Structure formats: C-alpha cells, structure tokens
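Here is how the chains run, residue by residue.
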Amino acid sequence: MTEIQAGVGAAVAAPVSQAVPAIELDNVVKEYTSHGEVVQAVKGVSLTIAEGEFFSLLGPSGCGKTTTMRMIAGFEDPTGGVVRLHGEDVTSVPPNKRDVNMVFQSYALFPHMNVWENVAFGLRRRKVADDEIKRRVGEILEVVDLVGREKRRPKEMSGGQQQRVALARALVNRPRALLLDEPLGALDLKLRQHMQIELKRIQREVGITFVYVTHDQGEALTMSDRIAVMNDGLVEQLADPREIYERPATTFVAGFIGTSNLLSGTVQSVTGEVALLALGPSDRILIPAGGAVTTAVSTGDAVNLTVRPEKITIGTQQPEGELSVVRGTVSEVVYLGTYNSYLVTLADGAEITVFEQNAHDSTITAERGESVWLSWQPRHSYALR
Ligand code: ADP
Ligand code: MG
C-alpha cells in the first residue's frame, strides 16, 4: 500500500453531520526510536476539528505537524491516545479504510498519464462506471480550473497546475476530509499566494474538511478557520486567526506569529482590573489583571508580556491618560511606504519596534537619536503563559 492510494478504496461520502466532529485527537502521542534513543515527535495532542472546517497545523520545522497528520491518515500508529473520524475510533484502522485523502508537496502524479487519466485513476481502480467517472472528473476539473488541459502530461504543466491536478485527484474520491501537508511549499511566492486564495475557494465550494500543514504563518492566517500552533510536539494555542494574532497565549506564539515586542517585568500593584509593572522612573506598563481571555496576575508575579508594533503610539511629548508609557531613544527609522518602522531602545537595553501608519502625511515623527515616548492601551499588552 503506497501513501498515494490512501482513501482510494473508501466509500462514497456519508451524509454530513454537524454534531459529530470530523476529526478528534485525544491525547495522541508518537514516539520513534532512532539509534537506540526515544524521540517524542508528538507529546500528547488533543484537538477537535469540525465538519467542513479549514483547520491548520502551524509550527516550525520538526515540531510534529507531519507526524500528527500521518496519524490522522493512518500512516503512523500512535504510541498512545485515540484518533476518531466522524465519531468512530479509527486508531487501529488502516489508511485505505479511512475516509480521508492526503495531498503531498511532491504532487506524486503519474508522469506517463495525462491530466484526465491522473484524476480518473482512483475511480477506475474502484471500478466506478464509465459515465460516472466522466461526470465526476469533468466536475472536479472545473472546480480546480483545469478544463481544457485534460490531455496534458504533468511535465507539460506549471507547478501550480500540477498541484491542482493532485488536488483534483484527491477530491474526485469525495473523501470526507482532505489532509494537505505543505502542498504549496514548492511554488514561488506569487503563485503560492494565488493558490492560497484558490485553495480556500475550492474548499468552500466542495465543503470538505481540510486539514492543512504549514510552517508559513501568513498562509495559515490567510486560509484557516482555526489554527493549532504547535511547538516541540505540543499544541501551544488553538484559536481562530484573529485571536492567534491579537492574543497570542504564549511567548512562543507571540514570537512565531508576526512581529511582537516581548517585555518582562514584575507586578508592583493591582488596582481593580489593571496591574502595574514599574520599569524605569517615568516608565510604567499597565496590563489587564485577569479575566476570561488573559492570564490572571497578582502583586509580585514576574511576567512576560507582548505588545504588537502597530498598537504603539510614538511621540516626542509625554502622553496623558491611563496608558502604558515607556521612554527610549530611536535607533533606527525605516520608511516602508504604507508605514514607518521605528526601532526604539529603552534605558535597560530592551528594543521595541513601532509601526506608524502613513495615513495622513508622510512626515517622520522622530529621527534617529531622538528621545521619544511610547504609549499604548492597557488592553494591548497582557501576560503570556
Ligand atoms: P514537522 O512536520 O513539523 O516538520 P515531523 O512530524 O516531521 O515535524 O517530525 C517531528 C519530529 O519527529 C522531528 O524531530 C523528526 O526528526 C522526528 N521524526 C519524524 N519521523 C521520524 C521517524 N520516522 N523516525 C525518527 N524520528 C522521526
Ligand atoms: Mg513536515
């Protein structure tokens, strides 16, 4: 059994149920023994993916994304934990009996077959009637926008077109879930961005659950309904793209997604819902002291916190109001067209990046070497786990 054939033998999709999750991982662990040493590739991942969801596993190379995906597909046996597909425990069910298909970065198209034959291959093997093959292949080639290219061989097509053939070949089987492992990795940036939009459109059109593996945060933010950010075999945060970006839960997520300023300090006092961290004589950072979405803090706690560059206001006058305020010296100014980027060094040597939108006029607020005030709303920084 090769990986490409997975799901080819699967039955036609059963009616979709909203109540039962498409995919559930329950404390799934995978250990490999390599040169006598045990490597924990996945250290206990639990997550639930809804029917019809575009779900991404995002994280740096080696964090366990592919291993997690392969356990969903059935190519790897978990060392521990349970995998459920549509409510059914499939932990020991072989890949060809699972109603999922996998698409790989390498496409793995048959080079001697043309587009039509590549896409029809799985249906032929399952002895689907000729007129139904014709109809389904035709339909799916329309979805992936390859009508008119049926007679081409893989080597006569661009990388993006080959990727669409691979996608069509998986989708024509009507799996209930499609697993995609870095499928755009081989494409150049422009084509990748185009295919991101295309993939999202195709997923919406066919309504199938997509599980998408990527190390590219932009890709995950663009396409996903929800993202599981993985690090070192564990899920650090599972949320929708906005929350992952606006409220990274951990120091790792804050550093991995977008540009973040990471600061640390000790809570000096808590007044109502706001905690005060004192830095220098004229500096203070206010953070939410607790609540449903942020980590609760109390006096004496050492905390790491984050604030996004675009939330910070840079000025040459001391700001007024209930704001976090720090002083520093501008060490770099970069004009980036739609915005200016400042690097500001604080008294203790910490560096803060500030983005200033060029909304009205494109004058620079402060030059290199100037002393500045940085300020932001308390709700825009908070303690990280
Ligand atoms: P990712 O897809 O996020 O880059 P992987 O799931 O491929 O990560 O790998 C996670 C970890 O497990 C890595 O440290 C990798 O070296 C290790 N690993 C993966 N497959 C095997 C294997 N077959 N044997 C030994 N170690 C493996
Ligand atoms: Mg991988």
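Here the structure is a predicted model, which is why all the values come from computation and not from measurement.

Asker: Quick rundown of the overall build of the protein? Include the residues and the values.
Answerer: Regarding its fold elements, the protein presents eight helices and 20 strands. For the protein, the C-alpha atoms occupy an extent of roughly 80 × 45 × 45 Å along the three principal directions. Of all 385 residues assigned to the protein, the portion counted as buried reaches 48%. Sequence separation of 24 or more characterises 68% of the internal contacts of the protein that already satisfy a separation of 6 or more. Total accessible area on the protein is roughly 17900 Å²; 48% of this is exposed by carbon and sulfur atoms.

Asker: Any details on the sheet that holds strand β5 (residues 88–89)? Residues and values, ideally.
Answerer: The sheet built from four strands is open, its strands ordered β2-β1-β4-β5 with antiparallel pairing. Single-partner strands in this sheet number two, and they are β2 (37–49) and β5. Relative to strand β1 (residues 23–34), helix α1 (residues 65–73) is tilted by about 115°, and along the sheet it contacts β1, β2 and β4 (80–85).

Asker: Quick rundown of the site of ligand 1? Include the residues and the values.
Answerer: Around ligand 1 sit Tyr 32, Ala 41, Pro 60, Ser 61, Gly 62, Cys 63, Gly 64, Lys 65, Thr 66 and Thr 67, and that is every residue in its neighbourhood. The separation between an oxygen atom of ligand 1 and a polar main-chain atom of Cys 63 is 3.2 Å. A distance of 3.1 Å is found between an oxygen atom of ligand 1 and a backbone nitrogen or oxygen belonging to Gly 64. For the shell around ligand 1, the leading source of residues is α1, giving three residues. Within the shell around ligand 1, the residues separate by chemical class into four nonpolar, five polar and one charged.

Asker: Give a description of the domain arrangement of the protein that names residues and reports values.
Answerer: You can read the domains of the protein as domain 1 (3–251) and domain 2 (259–383). Computed over C-alpha atoms, the centres of domain 1 and domain 2 are 40 Å apart. Domain 1 puts six residues into the contact, and the matching count from domain 2 is ten residues. Here domain 1 and domain 2 share an interface that buries about 780 Å² over both sides, 41% of which is from carbon and sulfur atoms. When the buried surface of domain 1 facing domain 2 is broken down by residue, Tyr 245, Arg 247 and Thr 251 rank first, second and third, together holding 66% of it. Where domain 1 meets domain 2, there are one salt bridge. Summed over the shared surface of domain 1 and domain 2, the result is five residue pairs in polar contact (both at pLDDT 80 or more). Considering every element that reaches the side of domain 1 that touches domain 2, the biggest residue donor is helix α7 (residues 241–246), with three residues.

Asker: Tell me about unusual backbone geometry, and please be specific about residues and values.
Answerer: Phi is positive for His 35, close to 50°, though the residue is something other than glycine. Assignment of secondary structure puts His 35 in the loop between β1 and β2. Residue His 35 is classed as exposed on the basis of its relative accessible area, which comes to 84%. The phi dihedral of Asp 232 falls on the positive side, at around 50°, and the residue is not glycine. Note on placement: Asp 232 falls in the loop between β9 (226–231) and β10 (234–239).

The rules we used
Residues numbered from 1 in each chain as written. Chains lettered and ligands numbered in written order. Predicted model: local features only at pLDDT ≥ 70, side-chain atom pairs only at ≥ 80, totals over all residues. Heavy atoms only, no water. Helix = DSSP H or I, 4+ residues; strand = E, 2+ residues; numbered from the N terminus. Buried < 20%, exposed > 50% of the residue type's maximum accessible area, 1.4 Å probe, protein only. Contact = heavy atoms within 4.5 Å. Areas by Shrake-Rupley, 256 points an atom, 1.4 Å probe, with all protein chains shown as cover. Pairing = 2+ DSSP bridges. Axes fitted to C-alpha atoms, helices over the stretch in contact; angles between N-to-C directions. Near = heavy atom within 4 Å. Polar contact = N/O pair within 3.5 Å; in protein donor to acceptor, adjacent residues only side chain to side chain. Nonpolar A, V, L, I, M, F, W, Y, C, P; charged D, E, K, R; others polar. Domains from an automatic or database assignment. Buried area = accessible area lost by both parts, 1.4 Å probe. Salt bridge = Lys/Arg side-chain N within 4 Å of Asp/Glu carboxyl O.

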